[in-house]
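# Remarks on the overall topology
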Amino acid sequence: MAKINNNYHKLQNNYLFREIAKRTKAFLETHPDVKIYKLGIGDTTEPLPKIVIDGLHRGVEKLAEDKTYTGYGDEQGNSSLREALAEWYKNQGISLSTQEIFISDGAKPDSANIQSIFSPDSAIAVQDPVYPVYVDTNVIAGRTGKFVNGRYRKLIYMSCTKENNFFPTLPEGNVDLIYICSPNNPTGTVATKRQLQTFVDYAREHKAIIIFDAAYSMFIEDKKLPRSIFEIEGAKECAIEISSFSKWAGFTGVRLGWSVIPMDLVAEDTRRGEINALWNRRQTTMFNGASNIAQEGGLAVLRTQGQKACQKIIDYYMKNAWIIRDGLERLGLEVFGGENAPYIWLKTPNGLTSWEFFDKLLAEAYVVGTPGSGFGPHGEGYFRLSAFGRREDITKAIKSIEKSLEL
Ligand code: PLP
């Protein structure tokens, strides 16, 4: 008799976006003439630059000719794109071989799948609050135990609050896999080199592995802040980097990302190169390569002119972030993030819970955001606003908050 994976029943997070949609719908039913401003979603809104569109067209046109048609590509990605990414890293002072770079269909699948090459009894540490995929995929894999009183029993929550500038102290006890997301979703804060160095030193000492999600790295404007974990000494021995064209180049719908699994990376029971080979085995078994059209688009992004064009769109979102921050600060709210990341993280006023503030913001200012508690227990009492959106909507949303939110 077939049985299902009962770990799925332990999942909690679906609740967040379902509940947001439910409350928004209920509000609209009683206020049908109201225009709602959605600042809750982490999806790109701006059209792609021409140079990138041309790259995607090239990918399509190649499919139309005998000479240039390609079917399945390498599961690891096209060598031209892996070389272009290695060159891109080299320009940032990071030396990687193409064999260490695996092209994928995005950072979400990679950050979800990476745990599968590690032991089922690995102890997992996550930043709290954080992008829920790291937690949920380990729930499904059976590593977290039951959900009791708002927490998974066996998961190590590394709290990130304003008291520690939203970067955790080192975990206590035995930890095998450590997920770090920087720039962070949802807090919008970026780990400094020194902060990352403490985790790299810890991981090397304890033979732990850091899974570093750099999906928002291109939003870092401050040159002193690291865009890659491999800017940190010793990181190649203990870290995997997962990244994406989604937020950098507006590829959320196109789908293209990559992961770096260094040859030097080792676990307690592996030799040099073995983890890289394991991921290669996983990908060749379960993935048939990213779309050849998307990969042509990725190549166009990596050209000098492509990078310049994408930077302009990032600047647009960062101006949105500034407008949100500035408006909220003028109201006297306590605001974090939004300077090197597209998310603004605010402390809910007057001790309101995240959901109480959600209801208030919706009812008074017609703005939908994301309750911080949906990203982990230490997100309670915080709230996330997203800088992805059309300028006119962002401006109107902030004006509406300034005019109508009662503080
Ligand atoms: N990683 C983080 C931290 C994210 O916030 C997101 C999307 O919101 C992703 C990864 C997903 O990236 P992709 O579109 O490349 O799958």
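Refer to the structure above for everything that follows.
Residues numbered from 1 in each chain as written. Predicted model: local features only at pLDDT ≥ 70, side-chain atom pairs only at ≥ 80, totals over all residues. Heavy atoms only, no water.

### Re the layout of surface pockets
For clarity, the cut-off: Within this scheme a cavity is a closed region of a 1 Å grid, computed over the protein atoms alone, that accommodates a 1.4 Å probe without allowing it to escape, whereas a pocket is open but has protein on both sides within 12 Å along at least five of seven lines; lining residues each have an atom within 4 Å of a point. Grid points are joined across faces, edges and corners, and a volume is the space filled by probe spheres set on the points. What counts as a helix is a DSSP run of H or I of at least four residues, what counts as a strand is a run of E of at least two, and both are numbered from the N terminus.
Size it by volume and the largest pocket reaches roughly 750 Å³. In this structure, the largest pocket is lined by 32 residues; those nearest its centre are Lys-108, Tyr-131, Val-133, Asn-185 and Lys-247. The set of elements that each furnish at least two residues to the lining of the largest pocket consists of helix H1 (14–30), helix H4 (107–113), helix H5 (133–140) and helix H7 (246–249).

### Structural notes on the nonpolar core
As a rule of thumb, soluble globular proteins bury nonpolar side chains together. As a reminder, the rule being used: Throughout, nonpolar core names a set of buried Ala, Val, Leu, Ile, Met, Phe, Trp, Tyr and Cys residues whose side chains join them through atoms within 4.5 Å. Throughout, exposure labels follow a simple rule: accessible area from a 1.4 Å probe, protein chains only, divided by the maximum for the residue type, with under 20% read as buried, over 50% as exposed, and the rest as partly exposed.
If you look at the biggest cluster of nonpolar residues, it comprises 113 residues, and the most contacted ones within it are Ile-114, Ile-178, Ile-210, Phe-245, Trp-248 and Trp-258. With nine residues, helix H10 (residues 304–330) is the single largest residue contributor to this core. With six residues, the next largest nonpolar core counts Cys-160, Phe-166, Phe-336 and Tyr-382 among its residues.

### As for empty space enclosed by the protein
Let me state the cut-off plainly: The nonpolar class holds Ala, Val, Leu, Ile, Met, Phe, Trp, Tyr, Cys and Pro. Asp, Glu, Lys and Arg form the charged class, and all remaining residues, Gly among them, are polar.
According to the stated counting rule, one finds two cavities of 30 Å³ or more in the structure shown. As for the largest cavity, its lining consists of Thr-44, Glu-46, Pro-47, Leu-48, Lys-247, Trp-248, Ala-249, Gly-250, Cys-310, Ile-313, Ile-314 and Tyr-317. Counting residues per element, the ones that place at least two in the lining of the largest cavity are H7 and H10. In terms of residues, the lining of the largest cavity owes the most to one element, H10, which gives four residues. Here the lining of the largest cavity is built from residues that sort into eight nonpolar, two polar and two charged. Of the volumes computed, that of the second largest cavity is approximately 30 Å³.

### A look at helix H9 (residues 292–302)
Note the threshold: Note on definitions: a residue-residue contact is assigned when non-hydrogen atoms from the two residues lie within 4.5 Å. As used in this structure description, the phrase polar contact means that two N or O atoms lie within 3.5 Å; if the pair is within protein, one of them must be able to donate a hydrogen and the other to accept it, and residues adjacent in sequence are counted only when both atoms belong to side chains.
H9 sits mainly inside the fold: nine of its eleven residues count as buried. Taken residue by residue, H9 has Ala-294, Gln-295, Glu-296, Gly-297, Gly-298, Leu-299, Ala-300, Val-301 and Leu-302 as its buried positions. Buried residues along H9 sit against helix H2 (50–62), helix H3 (79–90), strand E2 (101–104), H7 and H10. Looking at where H9 begins, the residue whose side-chain oxygen comes 3.1 Å from the main-chain nitrogen of Ile-293 is Ser-291.

### Focus on the environment of Gly-59
Tracing the backbone through its elements, the reader meets Gly-59 in helix H2. A relative accessible area of 4% places Gly-59 in the buried class. The spacing of Gly-59 and Phe-166 is 107 residues in sequence and 42 Å in space, taken between C-alpha atoms. Those residues in contact with Gly-59 that sit more than four places away from it in its chain are Ile-293 and Glu-296.

### Examining unusual backbone geometry
Look at the link from Ser-182 to Pro-183: it is a cis peptide, with omega at -10 degrees. Mapping Pro-183 onto the fold places it in the loop between strand E7 (177–181) and helix H6 (193–206). A cis amide bond links Asn-185 to the next residue, Pro-186, at an omega of 20 degrees. Of note, Pro-186 is situated in the loop between E7 and H6.

### Considerations on the site of the ligand
Convention followed: Neighbouring residues are identified by heavy atoms, a residue being near a molecule or strand if any of them is within 4 Å of it. Areas reported as accessible are Shrake-Rupley estimates using a 1.4 Å probe. Residue values count occlusion only from the protein chains shown. Throughout, a molecule is located in a cavity or pocket provided that more than half of its atoms lie within 2 Å of its grid points.
What surrounds the ligand is a group of 15 residues, the closest being Ala-107, Asp-213, Tyr-216, Ser-244 and Ser-246. In the environment of the ligand, an oxygen atom lies 2.7 Å from a nitrogen or oxygen atom belonging to the side chain of Arg-255. Taken by itself the ligand offers 400 Å² of open surface, and the protein chains cover 91% of this. The site holding the ligand turns out to be the largest pocket.

### A look at the side chain of Glu-46
Relative to the elements of secondary structure, Glu-46 occurs in the loop between strand E1 (37–38) and H2. The buried category is assigned to Glu-46, whose relative accessible area is 14%. Here the side chain of Glu-46 touches Thr-45 through a polar contact of 2.9 Å, side chain to side chain. In terms of polar contacts, Glu-46 uses its side chain to reach the side chain of Arg-390, at 2.9 Å. Excluding its chain neighbours within four sequence positions, the residues that come into contact with Glu-46 are Ile-313, Tyr-316, Tyr-317, Gly-389 and Arg-390.

### Regarding the sheet that holds strand E15 (residues 382–386)
Here is the rule: For two strands to be treated as a pair, DSSP must find no fewer than two bridges joining them.
On the basis of which strands lie adjacent, the open sheet formed by four strands has the order E11-E12-E15-E14 and antiparallel pairing. Edge strands, defined here as strands with exactly one partner in the open sheet, are strand E11 (334–337) and strand E14 (370–371). One ladder, built from five bridges, connects strand E12 (residues 343–347) with E15; its direction is antiparallel. Across the sheet, Lys-347 pairs through a bridge with Tyr-382, a residue of E15.

### Details of the packing of helix H11 (residues 354–365) against helix H12 (residues 391–404)
Put simply, the rule is: Only the contacting stretch of a helix is used when fitting its axis, a line to C-alpha atoms as for every element, and angles between N-to-C directions run 0 to 180 degrees. Every angle not falling under 35 degrees, over 145, or within 65 to 115 is termed oblique; those three ranges are roughly parallel, roughly antiparallel and roughly perpendicular.
Relative orientation of the contacting elements H11 and H12 amounts to 95 degrees, with a least axis distance of 9 Å. By the angle class used here, H11 and H12 are roughly perpendicular. Together, Leu-361, Glu-364 and Ala-365 of H11 and Ser-400, Ile-401 and Ser-404 of H12 make up the contact between the two elements. For the contact of H11 with H12, the class distribution of residues is three nonpolar, two polar and one charged.

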